[in-house]
Amino acid sequence: MAAAALRPAILRRIRLSPSPSFSQPFAAAAAAAASHPHALARWLSRPMSSHDAHLTREEVVDRVLDVLKSHPKVDLSKVNPDAHFEKDLGLDSLDTVEVVMAIEEEFKLEIPDREADKIDSLPLAIEYVSNHPMAA
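Okay, so let's go over this structure. Not measured: the values here are computed from a predicted model.

Another aspect to go through is the overall build of the protein chain. From N to C terminus, the protein chain includes seven helices and zero strands. Ordered by position from the N terminus, the helices and strands of the protein chain form the series α-α-α-α-α-α-α. A buried classification covers 26% of the 136 residues belonging to the protein chain. For the protein chain, the proportion of contacts with a sequence separation of at least 24, taken over those separated by at least 6, is 56%. Summed over its atoms, the accessible surface of the protein chain is roughly 10100 Å², and 59% of this surface lies on carbon and sulfur atoms.

This is the structure we're talking about:
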């Protein structure tokens, strides 16, 4: 309730100064490009991908193992990169859903349900996260 009351008060205090013209930012960019003609070419030739700062496979393995080790029903001595959730770790389907959700939270991504249903082992979880372009 207090936040709802603060919002109008804050919005009344905000002042936005209008820009003189819409083309002003573009004019500045054009002037910068003219003064450094190779800068634009270098920028355009760089890979345009979210893989620029992508995680290494080793980082993914370590973090997925940490997620699994933090699950209360997992025996830490049985956790290894090749473990199957049900056969090796004794997790049921609900536990598997919880593990997949924890992996989503750890890597800040959303795994579609039809893909999440297929993840039943650490190798599959590691492969999915390693190949996901938005994993962070």
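Picking up after the structure, the text goes on.
Time to look at helix α5 (residues 93-107). The end-to-end C-alpha distance of α5 is 21 Å, a good match for the 21 Å that 15 residues give at a rise of 1.5 Å each. Listing the buried residues of α5 in full gives Asp95, Thr96, Val99, Val100, Ile103, Glu104 and Phe107. Structurally, α5 contributes buried residues whose contacts are with α4 (57-69), α6 (113-116) and α7 (122-131). Its side-chain oxygen 3.2 Å from the backbone nitrogen of Leu94, Asp92 forms the N-cap of α5.

A negative phi holds for most residues other than glycine; trans holds for most peptide bonds. Here the phi dihedral of Lys108 falls at roughly 55°; this positive angle occurs in a residue that is not glycine. Along the chain, Lys108 turns up in the loop between α5 and α6. When its relative accessible area of 65% is taken as the criterion, Lys108 is described as exposed.

Moving on, we come to a nonpolar patch on the surface. Taken together, the side chains of Leu94, Val97 and Met101 make up a nonpolar region of the molecular surface, amounting to roughly 300 Å² of accessible area. Mapped onto the elements of the fold, Val97 is located in helix α5. On the basis of relative accessibility, which here comes to 45%, the residue Val97 falls in the partly exposed class.

Ranked by internal contacts, the top residues of the largest apolar core, which has 27 residues, are Val64, Leu68, Phe85, Leu89, Ile103, Phe107 and Leu122. Counting only elements with at least two residues in this core, the list comes to α4, α5 and α7. In terms of residue count, α4 provides more of this core than any other element does, six residues in total. Not counting chain neighbours up to four residues away, the residues in contact with Leu89 comprise Leu68, Lys73, Val74, Lys78, Val79, Ala83 and His84.

We now examine the pattern of salt bridges. Enumeration over the complete set of coordinates arrives at three salt bridges. Among the ionic pairs, Arg63 bridges to Glu106, the shortest N-O distance being 2.8 Å. Within this pair, whereas Arg63 is found in helix α4, its partner Glu106 is found in helix α5, the two being separated by 43 residues in sequence. Salt-bridge contacts for Lys118 lead to Glu115; the nearest nitrogen and oxygen are separated by 3.7 Å. Taking relative accessible area as the criterion, Lys118 reaches 52% and is therefore assigned exposed. Exposure remark for Glu115: the relative accessible area of 23% places this residue in the partly exposed category.

Thresholds applied
- Residues numbered from 1 in each chain as written.
- Predicted model: local features only at pLDDT ≥ 70, side-chain atom pairs only at ≥ 80, totals over all residues.
- Heavy atoms only, no water.
- Helix = DSSP H or I, 4+ residues; strand = E, 2+ residues; numbered from the N terminus.
- Buried < 20%, exposed > 50% of the residue type's maximum accessible area, 1.4 Å probe, protein only.
- Contact = heavy atoms within 4.5 Å.
- Areas by Shrake-Rupley, 256 points an atom, 1.4 Å probe, with all protein chains shown as cover.
- Expected span 1.5 Å × (residues − 1).
- Polar contact = N/O pair within 3.5 Å; in protein donor to acceptor, adjacent residues only side chain to side chain.
- Patch = residues over 30% accessible without salt bridge, like charges linked within 9 Å, V, L, I, M, F, W, Y side chains within 5 Å.
- Salt bridge = Lys/Arg side-chain N within 4 Å of Asp/Glu carboxyl O.
- Core = buried A, V, L, I, M, F, W, Y, C linked by side-chain atoms within 4.5 Å.

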